[in-house]
Amino acid sequence: MLSRVAESVYWMNRYMERAENYSRFLDVNFQLSLDLNEDSNRQWMPLVYTTGDNELFSRKYNSPSKENVIHFMSLDTENPNSIMNCLIRARENARTIRENISTPMWEVINEFYLTIKSKRRFDESDMPGIAEFFKAIRNQCLLFYGCQEATISHDEVWHFALLGRLLERADKTTRILDMKYFILLPPREDVGSTLDLIQWLSLLKSASAHEMFNRFYTRITPKSIAEFLILDKIFPRAIRFCLSKTFDSLKVLSGTEKDSYGEETEKKVGVLLSEMNYASIDEIFSSGMHEYLDQLQVRLNGIASQLDETYFRN
């Protein structure tokens, strides 16, 4: 398989996953602002910090208002990670490997692009329109994943697609968690308050995890949410689940036996996954949640860099 094809299918999926994740936590925060009837810096600026684009945002905008943050993260063409730019890049990657993906996949991503490319700015008075926009983004991304699942062979192309989606998803889950634990951590007097509970619920909804969380936990607590989103084995947006499936795909690509590893990327993922298999949420809290999540992000970036060096630079 050509490294060019592998890299394009990998990034096509990373960009689609990034667009979907942005639409999730923008929409949840937007709905939260309507429920709480507030539009404070405390509520909106953390979303920009989550993406790591806070310096660019500060250079472009005077204040982190609802309108500015939503525009910056969704439609701003000068923001390389906006939903619009993610879609443009995903489509371009799909175009360059047109012969390696199915016609339904191309049609979904192309129609998706044509639908939103003319969008320039949200009308402040059109609140339902903003909600519908984010819903459409999520639905189109899920349609793309479904087409990919059902219409291409589950060969090397498929596994590189999974690697892009899973590594992006794991990274965004760490950032969503860190946003609440570190940036949105309430004052001591607000811990356990109605506002605090609503914010925890919004965090679960940002990962589409609320219903699945309720199947296994009876109470919403910081530890139970962190445990579910970090260590759960079967929820598809949990970090441990993403790493487990990443490891499986790497094993297929390298062709190595179960108890050995074929290249450095596989080793890095295997070591991290082994540590998580024996970790407990109490240990994570004792060592510091923010520090743990920060190290996870560093290691996920290291895995992505090693994958790039191993498969895409040959």
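- Under an unreviewed UniProt entry, the protein chain has the name Alpha-E domain-containing protein and belongs to Leptospira semungkisensis.

## Focus on the overall build of the protein chain
(1) Moving on: A tally of regular secondary structure across the protein chain gives 15 helices and zero strands.
(2) Moving on: Looking at the protein chain as a whole, 54% of its 314 residues qualify as buried.
(3) Moving on: Total accessible area computed for the protein chain in this model is approximately 14500 Å², and 49% of it derives from carbon and sulfur atoms.

## With respect to the pattern of salt bridges
Oppositely charged side chains can pair when the atoms bearing their charge come close.
(1) Moving on: Applying the stated rule across the entire model yields 19 salt bridges.
(2) Moving on: Between Lys-251 and Glu-266 there is a salt bridge, with the nearest N and O atoms lying 3.0 Å from each other. Residue Lys-251 is located in helix H12 (residues 239-254), and its partner Glu-266 is located in helix H13 (residues 264-277); the two are separated by 15 residues in the primary sequence.
(3) Moving on: When its relative accessible area of 0% is taken as the criterion, Glu-266 is described as buried.

## Digging into the packing of aromatic side chains
(1) Moving on: Enumeration according to the criterion identifies 15 aromatic pairs in this entry.
(2) Moving on: Here the aromatic rings of Tyr-22 and Phe-25 are separated by 5.6 Å at their centres, their planes lie at 45°, and the arrangement is tilted. Taken as a pair, Tyr-22 and Phe-25 lie in helix H1 (residues 3-36) at a separation of three residues, close to a single helical turn.
(3) Moving on: You can call Phe-25 buried: its relative accessible area is 2%.

## A word on the nonpolar core
(1) Moving on: The biggest cluster of nonpolar side chains holds 99 residues, and the ones touching the most others in it are Met-16, Leu-26, Ile-109, Leu-229, Ile-230 and Leu-243.
(2) Moving on: For this core, the domains that each give at least three residues are domain 1 (1-152) and domain 2 (154-313).
(3) Moving on: In contact with Leu-243, not counting residues within four places along its chain, are Val-269, Leu-272, Leu-273, Met-276, Leu-300 and Ile-303.

## Remarks on H12
(1) Moving on: Relative to the 22 Å expected for 16 residues at 1.5 Å per residue, H12 spans 22 Å between its end C-alpha atoms, a close match to the ideal helical length.
(2) Moving on: If you check which residues of H12 are buried, you get Ile-239, Arg-240, Phe-241, Cys-242, Leu-243, Thr-246, Phe-247, Ser-249, Leu-250, Lys-251 and Leu-253.
(3) Moving on: Where H12 terminates, the next one or two residues include Gly-255, which has phi positive at roughly 70°.

## Quick word on unusual backbone geometry
(1) Moving on: For Ser-208, which is not a glycine, the phi torsion comes out positive at approximately 50°.
(2) Moving on: Position of Ser-208 among the secondary structure elements: in the loop between helix H9 (194-206) and helix H10 (210-216).
(3) Moving on: Look at Ser-208 and you get partly exposed, because its relative accessible area is 35%.

## Some remarks on the packing of H12 against helix H15 (residues 289-312)
(1) Moving on: For the pair H12 and H15, the least separation of the axes is 14 Å and the interaxial angle reads 15°. It follows that H12 is roughly parallel to H15 by the angle criterion. The handedness of the crossing between H12 and H15 comes out as left-handed. On H15, the residues that touch Ile-239, Leu-243, Leu-250, Leu-253 and Ser-254 of H12 are Leu-296, Leu-300, Ile-303, Leu-307 and Tyr-311.
(2) Moving on: Partitioning the contact of H12 with H15 into residue classes produces nine nonpolar, one polar and no charged.

## A few points about the packing of helix H5 (residues 83-96) against helix H6 (residues 103-116)
(1) Moving on: Packing of H5 against H6 brings their axes to within 10 Å, and their N-to-C directions diverge by 145°. Crossing geometry of H5 relative to H6 is assigned as left-handed. Of H6, the residues touching H5 (which contributes Met-84, Leu-87, Ile-88, Ala-90, Arg-91, Ala-94 and Arg-95) are Trp-106, Ile-109, Asn-110, Phe-112, Tyr-113 and Ile-116.
(2) Moving on: A class-by-class count of the residues in the contact of H5 with H6 yields 10 nonpolar, one polar and two charged.

## A few points about helix H11 (residues 222-231)
(1) Moving on: A large share of H11 lies buried, amounting to seven of its 10 residues.
(2) Moving on: Where H11 is concerned, the buried positions are Ser-224, Ile-225, Ala-226, Phe-228, Leu-229, Ile-230 and Leu-231.

## Quick word on the side chain of His-159
(1) Moving on: If you trace the backbone, His-159 turns up in helix H8 (residues 156-183).
(2) Moving on: Side-chain polar atoms of His-159 contact the side chain of Ser-249, separated by 2.9 Å.
(3) Moving on: What His-159 contacts, discounting residues up to four positions off in sequence, is His-154, Ser-249, Val-252 and Leu-253.

## A closer look at the state of the cysteines
(1) Moving on: Enumeration over the complete set of coordinates arrives at zero disulfides.
(2) Moving on: Here Cys-86 stays unpaired: no disulfide links it, and the sulfur of Cys-141, its closest cysteine neighbor, is 9.2 Å away.
(3) Moving on: Judged by relative accessible area, which is 0%, Cys-86 ranks as buried.
(4) Moving on: On the basis of relative accessibility, which here comes to 0%, the residue Cys-141 falls in the buried class.

## Comments concerning the side chain of Asn-13
(1) Moving on: Considering the arrangement of structural elements, one finds Asn-13 in helix H1.
(2) Moving on: If we ignore the near neighbours within four places in the chain, the residues touching Asn-13 are Phe-144, Gln-148, Ala-161, Gly-164 and Arg-165.

What counts and what doesn't
- Residues numbered from 1 in each chain as written.
- Predicted model: local features only at pLDDT ≥ 70, side-chain atom pairs only at ≥ 80, totals over all residues.
- Heavy atoms only, no water.
- Helix = DSSP H or I, 4+ residues; strand = E, 2+ residues; numbered from the N terminus.
- Buried < 20%, exposed > 50% of the residue type's maximum accessible area, 1.4 Å probe, protein only.
- Areas by Shrake-Rupley, 256 points an atom, 1.4 Å probe, with all protein chains shown as cover.
- Salt bridge = Lys/Arg side-chain N within 4 Å of Asp/Glu carboxyl O.
- Phe/Tyr/Trp six-rings, centres within 6.5 Å; stacked < 30°, edge-to-face > 60°.
- Core = buried A, V, L, I, M, F, W, Y, C linked by side-chain atoms within 4.5 Å.
- Domains from an automatic or database assignment.
- Contact = heavy atoms within 4.5 Å.
- Expected span 1.5 Å × (residues − 1).
- Axes fitted to C-alpha atoms, helices over the stretch in contact; angles between N-to-C directions.
- Parallel < 35°, antiparallel > 145°, perpendicular 65-115°, else oblique.
- Left-handed = near helix turned anticlockwise from the far one by under 90°.
- Nonpolar A, V, L, I, M, F, W, Y, C, P; charged D, E, K, R; others polar.
- Polar contact = N/O pair within 3.5 Å; in protein donor to acceptor, adjacent residues only side chain to side chain.
- Disulfide = S-S within 2.5 Å.

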